[in-house]
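These are the residues of each chain, in order.
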Amino acid sequence: MAQQILVTGGAGFLGSHLIERLLDRGDYVLCVDNFFTGTRRNVEHLMDHRHFELMRHDVCFPLYVEVDQIYNLACPASPIHYQHDPVQTTKTSVHGAINMLGLAKRVRAKILQASTSEVYGDPAIHPQVESYWGNVNPIGIRSCYDEGKRCAETLFFDYHRQHKLNIKVVRIFNTYGPRMHPQDGRVVSNFIIQALQGQDITIFGEGLQTRSFCYRDDLVEGMIRMMDTPDAITGPINIGNPGEFTIRALAEQIIELTGSKSKLAFRPLPSDDPMQRQPDISQAEALLGWKPTVPLREGLVKTIDYFEKLLKEEPLH
Ligand code: NAD
Ligand code: UDP
Ligand code: UDP
C-alpha cells in the first residue's frame, strides 16, 4: 500500500533524489525544508506531481502532520554551510531530532535518521566499523555538526528504548553527484567547478588525507533499503563506497576527466580535518543486501556533465 512519507531536508541534494525514488514507487511525499542550503529548484520538476507536497518549515519548531514514515535529512552537510551558523546547526540536529521523534511517537511512524561518518571524527580505526565510538573533538569548529549528529543518534536510541519507537539510523559517508550545490565548498563540487573554469584546484594540506566517495543513486538505494528492513533492525549502519582515494588523487582524476589545464594549489588544512575515512560496509551487505555499484570514475563523469550544463546556463559569480 502507498505510504505517506515525510522527508525533512527534502529540497537538498540527497533529499530531492530520495523523493523522486519514493514518488516513482507510488508513495505520497511531504517535503519539509527551510531552504537554508536546499532550493525550490531541486524539487521544481515535482511540483505538479499529484503525490507531492512542499512545505517551508524549520524543523527546530514543532510540526503536526499525519505520516507513516519520516526520513530526517534536514541539516546543512558541507563544512562552510554548517560552520556559517554553528549554533543553528546544532539546534537543527538536536531540536530537529526531538521534534521529528516527538511527531513519530504521536503518530507511531517509522523514522530514519541521516547520520554521518563524522560521528567517527578523525578515526583511529580503519576502515570504520559501526562498533567504533569515534574520536571527536567536542569544542572544535566541526563539533556543531559532529556532536549535533552524535546527540541526534543518542535521542533516536533513547526514543527507541524508552518509547519503543521504530528507528533506523544510517551513517552516510561522503556522497556526491548531480544537484550538489555548486558553491557548497565540498571537495567534489569545488574541484569540478575549478577544473571546468580553468582555476587552480585548491588542495587543503598536502592532499594526502583520504575520503571514500559514494555516488548519490547508490546512497539513496541503501537508505530506502534500510527504511524497509524489519523492525528489529535499527542500525546504526554505514552506507558508503569503500573505494578510498587521497584528495590529491581525486584532483588528478578530475583534471584528467575534464581535460583541464588547472594546476594544483595548496592551501592550509582546516582544523580537525579527518586524515582518513573509509566505511566498513559488511553490515549493509549482510542486512540490506546492498553495496555500491557506481565506481568513482563513472560517477564523476556524470557529475562533470551536470556541472558543465549548469555553468553554461548560469555562470557563477
Ligand atoms: P544539503 O545541504 O543539500 O541538504 C540539507 C537540506 O536540509 C537542505 O535542503 C536544507 O535547506 C535543509 N535544512 C537545513 N536546516 C534545516 C532546518 N532547520 N529545517 C528544515 N530544513 C533544513 O545536504 P545533503 O548532502 O543532501 O545532506 C542531507 C543529509 O545527509 C544531511 O542530514 C547530512 O548531514 C547527511 N549527510 C550527507 C552526506 C553527504 O556527503 N552528502 C554525508 C553524511 C551525511
Ligand atoms: N512534536 C511535534 N509534532 C508532534 C508531536 C510532538 O513537533 O506531532 C514535538 C513537540 O514540540 C515536542 C517534541 O516533539 O516538544 C517532543 O515530543 P515528546 O512527545 O517526545 O515530548 P514532550 O511533548 O513530552 O516534550
Ligand atoms: N578539501 C580540499 N579542497 C577543497 C575542499 C575540500 O582539499 O576545495 C578537502 C577537505 O580538507 C577534506 C576533504 O577534501 O579533507 C573532503 O572535504 P569535504 O568538505 O568535501 O567533506 P568532509 O571534510 O566533511 O569529509
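Values in this document were obtained by computation on a predicted structure and should not be read as measured data.

Calculation notes
Residues numbered from 1 in each chain as written. Chains lettered and ligands numbered in written order. Predicted model: local features only at pLDDT ≥ 70, side-chain atom pairs only at ≥ 80, totals over all residues. Heavy atoms only, no water. Helix = DSSP H or I, 4+ residues; strand = E, 2+ residues; numbered from the N terminus. Buried < 20%, exposed > 50% of the residue type's maximum accessible area, 1.4 Å probe, protein only. Contact = heavy atoms within 4.5 Å. Areas by Shrake-Rupley, 256 points an atom, 1.4 Å probe, with all protein chains shown as cover. Lys, Arg positive; Asp, Glu negative; His and termini not counted. Charge placed at Lys NZ, Arg CZ, Asp CG, Glu CD. Pairing = 2+ DSSP bridges. Axes fitted to C-alpha atoms, helices over the stretch in contact; angles between N-to-C directions. Near = heavy atom within 4 Å. Polar contact = N/O pair within 3.5 Å; in protein donor to acceptor, adjacent residues only side chain to side chain. Nonpolar A, V, L, I, M, F, W, Y, C, P; charged D, E, K, R; others polar. Core = buried A, V, L, I, M, F, W, Y, C linked by side-chain atoms within 4.5 Å.

Here we look at the overall build of the protein
So, point 1. Each helix and strand in the protein was counted, giving nine helices and 13 strands.
So, point 2. Looking at the protein as a whole, 55% of its 317 residues qualify as buried.
So, point 3. Long-range pairs, those at least 24 residues apart, make up 81% of the contacts in the protein with a sequence separation of at least 6.
So, point 4. Accessible area of the protein: about 14000 Å², with a carbon and sulfur share of 53%.
So, point 5. Positive and negative side-chain charges in the protein, numbering 33 and 38 respectively, have mean positions lying 1 Å apart.

Points about the sheet that holds strand β2 (residues 28-33)
So, point 1. With parallel pairing, the seven strands of this open sheet are ordered in space as β3-β2-β1-β4-β5-β6-β11. The open sheet terminates on both sides in strands that have one partner only, identified here as β3 (52-56) and β11 (237-239). On average, each strand axis in the sheet is inclined to that of its neighbour by 20 degrees, with strand direction left out of account.
So, point 2. Of the pairings in the sheet, the one linking strand β1 (residues 4-8) to β2 comprises five bridges and is parallel in character. When the bridges of β2 are listed, L6 appears paired with L30.
So, point 3. Of the strands in this sheet, β1, β4 (69-72) and β5 (110-116) are in contact with helix α3 (residues 86-107), which crosses β4 at around 170 degrees.
So, point 4. Packing of helix α4 (residues 143-163) onto the sheet brings it into contact with β5 and β6 (167-172), and relative to β5 it is tilted by some 155 degrees.

Some remarks on the site of ligand 2
So, point 1. As a structural note, the neighbourhood of ligand 2 is formed by P62, L63, Y64, I98, N99, G102, L103, K105, R106 and Y159.
So, point 2. Here a nitrogen atom of ligand 2 sits 2.7 Å away from a polar atom, N or O, in the main chain of L63.
So, point 3. N99 is positioned with one of its side-chain polar atoms (N or O) 3.1 Å from an oxygen atom of ligand 2.
So, point 4. Burial of ligand 2 by the surrounding chains reaches 65%, relative to a free accessible area of 510 Å².
So, point 5. With six residues, α3 is the largest single contributor of residues to the shell around ligand 2.
So, point 6. Residue composition of the shell around ligand 2, by class: six nonpolar, two polar and two charged.

Examining the nonpolar core
So, point 1. Of all hydrophobic cores here, the largest spans 55 residues; its most connected members are L18, Y71 and M223.
So, point 2. Not counting residues within four places of it along the chain, the set of residues in contact with Y71 comprises I5, L6, V7, T8, L18, L22, L112, M223, I224 and M227.
So, point 3. Of all hydrophobic cores here, the second largest spans 26 residues; its members include V59, V65, V94 and I111.

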